[in-house]
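Descriptive structure summary
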Amino acid sequence: MLVGSDLLTVLPRLFLPSTGMSAELAVFELPFAVPPVQVDMVWHQRTRLMVAQQWLREGLSAASEAAFSISVASSPDTTNAAKKRVRKTKK
């Protein structure tokens, strides 16, 4: 996004504070319904125990919680779901 340009972006309202320029942006409701946005963190099973990967995932989770005031699930259930998705897509 460039302030002063005629460029357009569509993003969830909750992302506005993270842009750092929400006061400069014109905000409008979309004229149609859109499904909720879901953001997932998925990783390959072989990297789940790597210290660097764990550090990255923890950092991304903390940044998401701080930026969007949401609770990011980091339970074993979430990890198992990610593993299952990886296994299903791995052929």
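Residues numbered from 1 in each chain as written. Predicted model: local features only at pLDDT ≥ 70, side-chain atom pairs only at ≥ 80, totals over all residues. Heavy atoms only, no water.

1. Some words on the packing of aromatic side chains
The geometry of an aromatic ring pair comes down to the distance between the two centres and the angle between the two planes. In total, this model carries zero aromatic pairs according to the counting rule given. Taking NZ or CZ as reference, arginine 57 lies 4.3 Å from the ring centre of tryptophan 43, over its face. (Phe/Tyr/Trp six-rings, centres within 6.5 Å; stacked < 30°, edge-to-face > 60°. Lys NZ or Arg CZ within 6 Å of the ring centre and 35° of its normal.)

2. Things to note about the side chain of threonine 47
Tracing the backbone through its elements, the reader meets threonine 47 in the loop between α1 (16–19) and α2 (51–68). Judged by its relative accessible area of 15%, threonine 47 is buried. Among all residues touching threonine 47, those that are not within four sequence positions of it are Gln53 and Arg57. (Helix = DSSP H or I, 4+ residues; strand = E, 2+ residues; numbered from the N terminus. Buried < 20%, exposed > 50% of the residue type's maximum accessible area, 1.4 Å probe, protein only. Contact = heavy atoms within 4.5 Å.)

3. A closer look at the pattern of salt bridges
All chains considered together, the criterion is met by one salt bridge. The partner of arginine 13 in a salt bridge is glutamate 29, and the shortest N-O contact between them spans 2.4 Å. Here glutamate 29 lies in the loop between α1 and α2 and arginine 13 lies in the segment before α1, a separation of 16 residues in the sequence. Of the residues examined, arginine 13 reaches a relative accessible area of 47% and is grouped as partly exposed. (Salt bridge = Lys/Arg side-chain N within 4 Å of Asp/Glu carboxyl O.)

4. Regarding the environment of alanine 67
Secondary-structure assignment places alanine 67 in helix α2. Spatially, the C-alpha atom of alanine 67 lies 9.0 Å from that of leucine 14, the residues being 53 residues apart in sequence.

5. Describing the confidence of the model for the protein chain
As a note on interpretation, predicted positions should not be read in detail where pLDDT is low. Of the residues in the protein chain, 70% reach a pLDDT of 70 or more, and the chain-wide mean stands at 75. Here helix α3 (residues 76–89) stands out as the element of the protein chain with the lowest mean pLDDT, 45, in contrast to α2, whose mean of 88 is the highest. Between residues 74–91, whose pLDDT stays under 50, and residues either more than four places distant or in other chains, the model counts 16 contacts. (pLDDT = per-residue confidence, 0-100.)

6. A word on the environment of glutamine 54
Mapping glutamine 54 onto the fold places it in helix α2. If we skip the residues at most four places from it in the chain, glutamine 54 touches Arg48 and Leu49.

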